[in-house]
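Architecture at a glance
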Amino acid sequence: MLQLFKTRFEQGKRTLEFPGEHTLPDRFRGLPALRPELCRDGCAACAESCPTEAIQLSPLRLDLARCLFCGACAEACPEGAISFSNRYPLSFRSREAMVLDGSEAQLAGALDQRMRSLFGRSLRLRQVAAGDCSGCAAELTALGNVVFDLGRFGIQFVASPRHADGLVITGPVTDNMRFALRQAYEATPSPKIVIAVGACALSGGPFRGSGHSADGVPPEVPVDLYVAGCPPHPLTLLDGMLRLLGRIEAGR
Amino acid sequence: MATRPVLEERRPRTGWLANGTALSLEAVAARPLQDLTAIAIDARDRGKHLIALFPFRDGARARLLLVTGEAMSARLSATAFELEGERGWPSITPLWPEAHLFEREIHEGWGLVPEGHPWLKAVRGHRELEVPPRSPPHPFLRAEGEGVHEVAVGPIHAGIIEPGHFRFQCFGEEILHLEIQLGYQQRGAEELLENANPARRMVVAESIAGDTAVGHALAYCTALEGLSGTRVPLRAQAVRGLALELERVCNHVGDLGALCNDVGYLPGAAYFGRMRGDFLNLLMELSGNRYGRSLLVPGGVRFDFTQALQARVLRTLDAGEGQLRDTFRLMVTTPSVLSRFEGTGVVSKESALELGFVGPTARACGVARDVRTDHPSGVFQFTHVPVAIAEEGDVMARANIRWLEVLRSLRFIREQVSRLPDGPVRVALHPPAPSSMTAALVEGWRGEIAHVVVTDGNGSVVRHKVVDPSFHNWLALALSVRGAQISDFPLCNKSFNLSYAGHDL
């Protein structure tokens, strides 16, 4: 018993204040900064280095739905037109907003008033893995640990879609999971929300075009929040969920 | 990294190679298919382990390639069999059960028939999606009688877990039989590794199993470097080894926490869960990603250890190791934990040997199988990490193996990080050898990861076969719950913590 108290004392309080100022390491690759004015005519080094064809040229565009945040483009660019900041907010309300062009990124805003009054202080989610490598799932699981402590925000993962207010979908939605995903979506009572997490769920990610998946959440399941990353950092996930619930201001 | 193929003349037409070296396809010139049975019996009797068995097509010719490993000599052997005009063979599974899932996989993908296979069912296919169905329906094994009932679980499970279908035959609370049907996660990774551009292949390799990004990336890079005879700088080899062992620590610590959670021991779940994050954060400091993605590239690593990072790693280890020890001590002195762990989910040593289990699953039932010792490559050629062994084969043994491996990996990290060799961390990859093959093995945290790659006359990849440790091990879970209470299933499942995506690829 003494040992138990000693260990508990040594563990201390580890829960991160959130929202708050958290600086991730310099090597962490978060929200990219684009400076298209630096691009040289005819240079395609970034696009050629990109494993997932996330980059379009003239003018320079970077699609965060496809981006794996590997940093190969920043390494390849001779002019420094692409660089990755260590900013972790990477959630968006539409696919179009995820295509960066050098102007300020339009991060996710909140649900409408009615949905916020329903889910603002209590949101129950059902996770559906549909071909994910378990990377995104592992970070969603990490949200439950004492550091991120998702429960304090009234957000909880539940065992059945019938008990859920929404789905969190990871993976490119494999052919073999598409039917099960649709069933889970239909079993979730309305009104409901859908959060697509990670490059696979947004665009197929590394598996785009393999012919075994829908290359992301298919049209029959409308998405309310897109969270970029491979996998997204737990802070990115937390930030996205709280933005959706209107608990982080859109301008921040 | 040795680059010259090791050949032995007195065994014609079976090629020998060391882990991560190239072998000319001429050295594995095809034998007639009827030799397969004799070769399989010979391999079994010599105690060899089946690493991979798969067909490939080189131009117009189709061949079957068998890759086995022999721990005593640290050698791998490769034997090819002529498939042209063949429609099947007498199944080798009844003689050599390690082959059971490989033969099913070949049947599913190529339509070849291993005659007499005891359970020739699709591994990943889902009949309802095939129009017309490629195979006749193959129902689940079913128990019948008074009081016998069936429990079906999945593909979507009750937590944040990957999808798979579990079909239990139960008598009351007792499990008579469990059949596991996977395939829901199939993404076509091998096709992409063969056909996509090189940049894409690298990220696909990292995504085979997201918690094993470093392990699969290392096997992928080792295969490419072996095929091309590229020598990886020593410093890069050390950084790779450090990342691999950090990945092992993260996952093992996380698993210890998850095991505590499954028996309701929340201090263990909370503390181990938090400390897993500390080690993930070290990987992030090194590579910019909590899972070590983007660290490895063919030819080396993209990020080096700075002085500051070396100090940071040692500080984290100094602070973390004592806390890990305290938490483990709490766990194993709590009677409610021990009563659930001990004697639960037993796998016998005989089963492990017969069915070719790998990694902690095998080591927990007395099988000393560890790629780092048996087929060392990279930094493990210079530093030996002792193999952790337990005999009991139960949940407790699998927890103990994880704990021992955490300690040994931490010691390895401590040693390596304070004496990193000088020099570059990345060199250019040479062009791959034509008409060659390589087998790259890595001891990932779940066990043996194998990437077997075959090139054609132009040096292009014609086959990239990936065998995740979970492919070998899923049957261990099914065996461990026979005769157990169905309420022990989640605990047993967690004690193996296998990858669905790695199995389904």
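What follows covers the overall build of chain B. Scanning chain B from N- to C-terminus turns up 16 helices and 15 strands. In summary, chain B has a C-alpha radius of gyration of 22 Å against a globular reference of 23 Å for 505 residues, a match within 12%. When the backbone C-alpha atoms are referred to their principal axes, chain B occupies close to 70 × 60 × 40 Å. When each of the 505 residues of chain B is scored for burial, the buried share is 56%. Within chain B, counting contacts between residues at least 6 apart in sequence, those at least 24 apart form 67% of the total.

Scanning chain A from terminus to terminus reveals eight helices and eleven strands. Its C-alpha radius of gyration of 19 Å places chain A within 12% of the 18 Å reference for a compact globule of 252 residues.

Okay, the sheet that holds strand 7 (residues 123-129) of chain A next. Residues and elements named next belong to chain A. Taken in spatial order, the six strands line up as 5-11-10-9-7-8 in an open sheet, and their pairing is mixed. Looking at which strands have only one partner, the edges of the open sheet turn out to be strand 5 (91-92) and strand 8 (155-157). Two strands pair when backbone bridges link them, and strand 5 and strand 11 (residues 225-227) are joined in this way by two bridges, in the antiparallel orientation. Each residue of the ladder has a partner; that of Ser 91, found in strand 11, is Val 227.

With that out of the way, let us pick up the interface of chain B and chain A. Contact with chain B, which involves 50 residues of that partner, is made by 53 residues of chain A. Sorting the residues of the side of chain B that touches chain A by element identifies helix 3 (189-195), helix 4 (198-206), helix 7 (266-287) and helix 8 (307-332) of chain B as the ones contributing at least two each. If you tally residues by element for the side of chain B that touches chain A, the top one is helix 7 of chain B, at nine residues. Looking at side-chain class alone, the side of chain B that touches chain A contains 23 nonpolar, 16 polar and eleven charged residues.

Now for the nonpolar core. Counting 235 residues, the largest nonpolar core has Ile 169, Ala 196, Val 197, Tyr 226 and Ala 228 of chain A together with Ala 439 of chain B as its most contacted members. The element that contributes the greatest number of residues to this core is helix 6 (residues 234-262) of chain B, accounting for 14 residues. There are two domains that each give this core at least three residues, and those are domain 1 (15-123) and domain 2 (201-460) of chain B. In contact with Tyr 226 of chain A, other than residues within four places in its own chain, are Ala 65, Ser 91, Phe 92, Arg 95, Met 98, Ala 196 and Leu 202 of chain A.

Residue and element names in this part refer to chain B. Split into domains, chain B comes out as domain 1 (15-123) and domain 2 (201-460). Measuring from the centre of the C-alpha atoms in domain 1 to the corresponding centre in domain 2 gives 28 Å. Opposite the 24 residues of domain 1 that make contact, domain 2 presents 24 residues. If you list the elements that add at least two residues to the side of domain 1 that touches domain 2, you get strand 2 (22-24), strand 3 (49-58), strand 4 (61-70) and strand 5 (75-82). Top contributing element to the side of domain 1 that touches domain 2 by residue count: strand 3, with six residues.

Scoring rules and cut-offs
Residues numbered from 1 in each chain as written. Chains lettered and ligands numbered in written order. Predicted model: local features only at pLDDT ≥ 70, side-chain atom pairs only at ≥ 80, totals over all residues. Helix = DSSP H or I, 4+ residues; strand = E, 2+ residues; numbered from the N terminus. Rg over C-alpha atoms; globule rule 2.2 N^0.38 Å. Buried ≥ 20, exposed ≤ 12 C-beta atoms within 10 Å, placed from the backbone. Contact = placed C-beta atoms within 7 Å. Pairing = 2+ DSSP bridges. Nonpolar A, V, L, I, M, F, W, Y, C, P; charged D, E, K, R; others polar. Core = buried A, V, L, I, M, F, W, Y, C linked by C-beta atoms within 7 Å. Domains from an automatic or database assignment.

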